[in-house]
Amino acid sequence: MEGLSVILALVVLIVVTIAMGVRIVPQGSKHIVQRLGKYQKTLTPGMNVIIPYVDQVPYKVTTKDIVLDIPSQEVITQDNATIIANAVAYINIVSPEKAVYGVEDYEIAIQNLVQTALRSIVGEMSLDAALSSRDLIKAKLKEGISDDIADWGINLKTVEIQDINPSQTMQKAMEEQAAAERQRRATVTRAEGEKQAAILEADGRLEASKRDAKAQVVLADASREAIERVSSAIGDKEMPVMYLLGERYIGALSELSQSDNAKNVILPADLPQAVKGLLNR
């Protein structure tokens, strides 16, 4: 019985040892092997054999593309405007041993690199340029950190700017500035309209005055011609004037009779005598 127990123990030990020596690496991953605490080799996808009890696999690294979310941060532009920016980086680990031994935590390291580079790039741009130049910022970011993370065996495939917006305080200031600009334009437009209206009104009055003056000249010429014609027809020096004055006197009385304020209109019995009285005065 004791011999059988020993045999069973040996069989179990052999099975466990073989199991520990055979490692299956799934597709999309690589395993780091350490022998007595020192890097030995990198296991590729498939079945791999290691030395049991001596070799260990402390790190399992993915070879798939990794998406790193870069947290939002406040960035000061060249013209002292504050904006909120965040990004996302797409990386691929090409040398797992460098990634695990070259830096303590490559994800945190890359996040800090992107944030630092983003602050530096935006700090050299104005607010308007930063808000409208995502492609330029993206290109500078990739150029600025690609070499640094290459030393860790990591390839930066691309980096995208997710959001880049003014801060709440800056947005409020921009909205107030835009409202003030709209108000200014409205005031200028209204003032221009009033100016044009005043000019047109003045031009209208001027034109009316010119026409009134021309009308007075025409009426004076007509009166002169009428007097000359009446004088030549009647031949009396006094009668033409009396005729015209009487005509105007009757016209004035007619207008007075049609006035809303007129109650009684008295006509003289001897109109020629009344006109003569006016002339004698």
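Treat the numbers as computed from the prediction; the structure is a model and nothing was measured. (Residues numbered from 1 in each chain as written. Predicted model: local features only at pLDDT ≥ 70, side-chain atom pairs only at ≥ 80, totals over all residues. Heavy atoms only, no water.)

**Examining the overall build of the chain**
This is how the line gets drawn: Helix numbers and strand numbers start at the N terminus; a helix is a DSSP run of H or I with at least 4 residues, a strand a run of E with at least 2. Residues count as neighbours in contact if any of their non-hydrogen atoms are within 4.5 Å of one another. Surface accessibility follows the Shrake-Rupley procedure with a 1.4 Å probe radius. Residue values consider only the protein chains on display as shielding.
Secondary structure assignment for the chain yields eight helices and eight strands. Across the chain, contacts joining residues at least 24 apart in sequence account for 62% of those joining residues at least 6 apart. Surface summary for the chain: the accessible area is close to 19,100 Å², and the carbon and sulfur share equals 55%.

**A closer look at helix H5 (residues 134–150)**
Put simply, the test is: To estimate the expected span of a helix, count its residues, drop one, and scale the result by 1.5 Å.
Taking 1.5 Å of rise per residue, the 17 residues of H5 would be expected to cover 24 Å, and the 24 Å separating its terminal C-alpha atoms lies within 8% of that figure. Residues of H5 that are buried sit in contact with helix H3 (106–123), helix H4 (127–132) and strand E8 (154–166).

**Quick word on the confidence of the model for the chain**
Threshold: Residue-level confidence of the predictor is summarised by pLDDT, bounded by 0 at the bottom and 100 at the top.
When pLDDT is averaged across the chain, the result is 80; 77% of the residues are at 70 or more. Highest mean pLDDT in the chain belongs to strand E2 (residues 29–35) (93); lowest belongs to helix H8 (residues 271–280) (53).

**Notes on H3**
Rules: Relative accessibility thresholds used throughout: buried, under 20% of the residue-type maximum; exposed, over 50%; partly exposed, between the two (1.4 Å probe, protein chains only). Identification of polar contacts relies on pairs of N or O atoms within 3.5 Å, with a donor-acceptor requirement for protein atoms, meaning one able to donate a hydrogen and the other able to accept it, and with residues adjacent in sequence counted only if both atoms are side-chain atoms.
Its 18 residues place the ends of H3 25 Å apart at the C-alpha level, agreeing with the 26 Å of an ideal helix rising 1.5 Å per residue. By the burial criterion, the buried members of H3 are Tyr106, Ala109, Ile110, Val114, Gln115, Ala117, Leu118, Ile121 and Val122. Buried residues along H3 sit against strand E6 (66–76), strand E7 (82–93), helix H2 (96–102), H4, H5 and E8. Measuring from the side-chain oxygen of the N-cap residue of H3 to the backbone nitrogen of Glu107 gives 3.2 Å; that N-cap residue is Asp105.

**As for the nonpolar core**
Here is the rule we go by: In plain words, nonpolar cores are sets of buried Ala, Val, Leu, Ile, Met, Phe, Trp, Tyr and Cys residues tied together by side-chain atoms within 4.5 Å.
Within the largest apolar cluster, 37 residues are counted, with the highest numbers of intra-cluster contacts made by Ile91, Tyr106, Ile110, Ile137, Leu141 and Ile154. Listing elements by their share of this core, those giving two or more residues are E6, E7, H2, H3, H4, H5 and E8. At eight residues, H3 tops the list of elements feeding residues into this core. With five residues, the next largest nonpolar core counts Val25, Leu43, Ile50 and Val57 among its residues.

**Focus on the packing of aromatic side chains**
Formally: Each pair of aromatic rings taken from Phe, Tyr and Trp, with Trp reduced to its six-membered ring, is defined by centres within 6.5 Å and is described as stacked if the planes are under 30 degrees apart, edge-to-face if over 60, and tilted in the remaining cases.
By the definition in use, this model includes two aromatic pairs. Relative to Tyr101, the ring of Tyr39 lies with its centre 5.8 Å away and its plane at 70 degrees, an arrangement referred to as edge-to-face. On the criterion of sequence distance, the pair formed by Tyr39 in strand E3 (residues 38–43) and Tyr101 in helix H2 is long-range, its members being 62 residues apart. By the ring-pair criterion, three or more aromatic residues cluster together here, those being Tyr39, Tyr59 and Tyr101.

**What about the sheet that holds strand E5 (residues 55–62)?**
Rule in force here: Pairing between strands is defined by DSSP: at least two bridges between the two strands are required. The axes used here are C-alpha line fits, helices contributing only the stretch in contact, and every angle between their N-to-C directions lies in the interval 0 to 180 degrees.
The three strands are arranged E3-E2-E5 in an open sheet whose pairing can be described as antiparallel. The sheet is open, and its two edges are formed by E3 and E5, each paired on a single side. Neighbouring strand axes in the sheet, compared pairwise and without regard to direction, differ in orientation by 30 degrees on average. Across five bridges, the pairing between E2 and E3 is antiparallel. Looking across to E3, one finds that Arg35 is bridged to Lys38.

**Some details on the environment of Thr62**
In this fold, Thr62 is placed in strand E5. On a C-alpha basis, the gap between Thr62 and Ser29 in space is 4.3 Å, while along the polypeptide they are 33 residues apart. Apart from residues no more than four positions distant in its own chain, Thr62 is found in contact with Gly28, Ser29 and Ile93. From its side chain, Thr62 meets the backbone oxygen of Gly28 in a polar contact 3.3 Å long. Side-chain polar atoms of Thr62 contact the backbone nitrogen of Lys64, separated by 3.1 Å.

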